[in-house]
Amino acid sequence: MTGRVRTAILISGRGSNMRALIEAARRADYPAEIAIVLSDNPEAVGLTAAREDGVMAKAVDFRSFRGKQDFEAALNAHLMGAGAELVCLAGFMRILSAGFVAKWQGRMLNIHPSLLPDLRGLNTYERALAEGRTEHGCTVHYVSAELDAGPVIARARVPVLAGDDADKLAARVLVEEHRLYSQALDMVARALRATASQKA
Ligand code: GRF
């Protein structure tokens, strides 16, 4: 691996983190290139956005498969077909099986809107506010079989401010997500490339 690391992005919805990664990968010195965007949801707005940004984007419609195993086999076939070396989950709303995760161990990243290991799972903004926390944030981590529990790569903090509701807090965190995810991918892709060139 001497060139840029071929990276796939998996989405389910609006794809703002995906767009931040596509934008970062436009830089000539960025160590990753976005090879493909895949969505389990054919209606995902992010699919259109990726195509507008000139990136190949395909729906792998979960509902058109007999079950998770067939869906994941199709997903993996698309990843292999695109020559993906790294996978970034970005608002991908399906829990992947342990078998799938094992295939991509150490090469699959996720972004989660909390300071992991705090507040795994959904509705993190509402829970942070309900618990009266004074700070919140986001985490990029390697994906492991257990949800939101893989090794942390990077975190970013934001303050919880008086008058915050979930939307205000989410918007503040999202700005950090975009910055953090592109930095984390930069770091992981550089490390992967360095390891590969040592082996070569
Ligand atoms: C982000 O808040 C991310 O942390 C979470 O899902 C949301 C996806 O947003 N996993 P977007 O689709 O990237 O805009």
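Reading the values: rules and limits
Residues numbered from 1 in each chain as written. Predicted model: local features only at pLDDT ≥ 70, side-chain atom pairs only at ≥ 80, totals over all residues. Heavy atoms only, no water. Salt bridge = Lys/Arg side-chain N within 4 Å of Asp/Glu carboxyl O. Helix = DSSP H or I, 4+ residues; strand = E, 2+ residues; numbered from the N terminus. Buried < 20%, exposed > 50% of the residue type's maximum accessible area, 1.4 Å probe, protein only. Pairing = 2+ DSSP bridges. Right-handed = clockwise from strand over helix to strand, strands pointing away. Near = heavy atom within 4 Å. Polar contact = N/O pair within 3.5 Å; in protein donor to acceptor, adjacent residues only side chain to side chain. Areas by Shrake-Rupley, 256 points an atom, 1.4 Å probe, with all protein chains shown as cover. Nonpolar A, V, L, I, M, F, W, Y, C, P; charged D, E, K, R; others polar.

Draft legend 1. The arrangement of the pattern of salt bridges in detail. Taken as a whole and judged by the stated rule, the model has 16 salt bridges. A salt bridge links Asp61 to Arg63, with the nearest nitrogen and oxygen atoms 3.2 Å apart. In this structure, Asp186 and Arg190 form a salt bridge, with 2.6 Å as the shortest nitrogen-oxygen distance. A residue pair is termed a helical-turn pair when its members lie 3 or 4 positions apart in one helix, as Asp186 and Arg190 do in helix α6 (residues 166–199) at four residues. Arg190 sits in the partly exposed class, given a relative accessible area of 35%.

Draft legend 2. Structural context of the pairing of strand β1 (residues 5–11). Within β1, six of the seven residues are buried, which leaves it mostly tucked inside the rest of the structure. Of the pairings in the sheet, the one linking β1 to strand β2 (residues 32–39) comprises seven bridges and is parallel in character. Bridged to Leu10 within β2 is Leu38. Assessed by its sense of winding, the connection that carries the chain from β1 through helix α1 (residues 16–24) to β2 is right-handed. Two strands pair when backbone bridges link them, and β1 and strand β4 (residues 86–89) are joined in this way by four bridges, in the parallel orientation. Of the residues in β4, the one forming a bridge with Thr7 is Leu86.

Draft legend 3. Seen up close, the site of the ligand. Around the ligand, the neighbouring residues are Arg14, Gly15, Ser16, Asn17, Gly91, Ile111, His112, Pro113, Tyr125 and Glu177. In this structure, an oxygen atom belonging to the ligand sits 2.5 Å away from a side-chain N or O atom of Arg14. Interatomic distance of 2.9 Å between a backbone N/O atom of Gly15 and an oxygen atom of the ligand. Protein coverage of the free-state accessible area of the ligand, which is 360 Å², stands at 86%. Residue assignment for the shell around the ligand shows that the elements contributing at least two residues are α1 and β5 (108–112). Class assignment of the residues belonging to the shell around the ligand gives a composition of three nonpolar, five polar and two charged.

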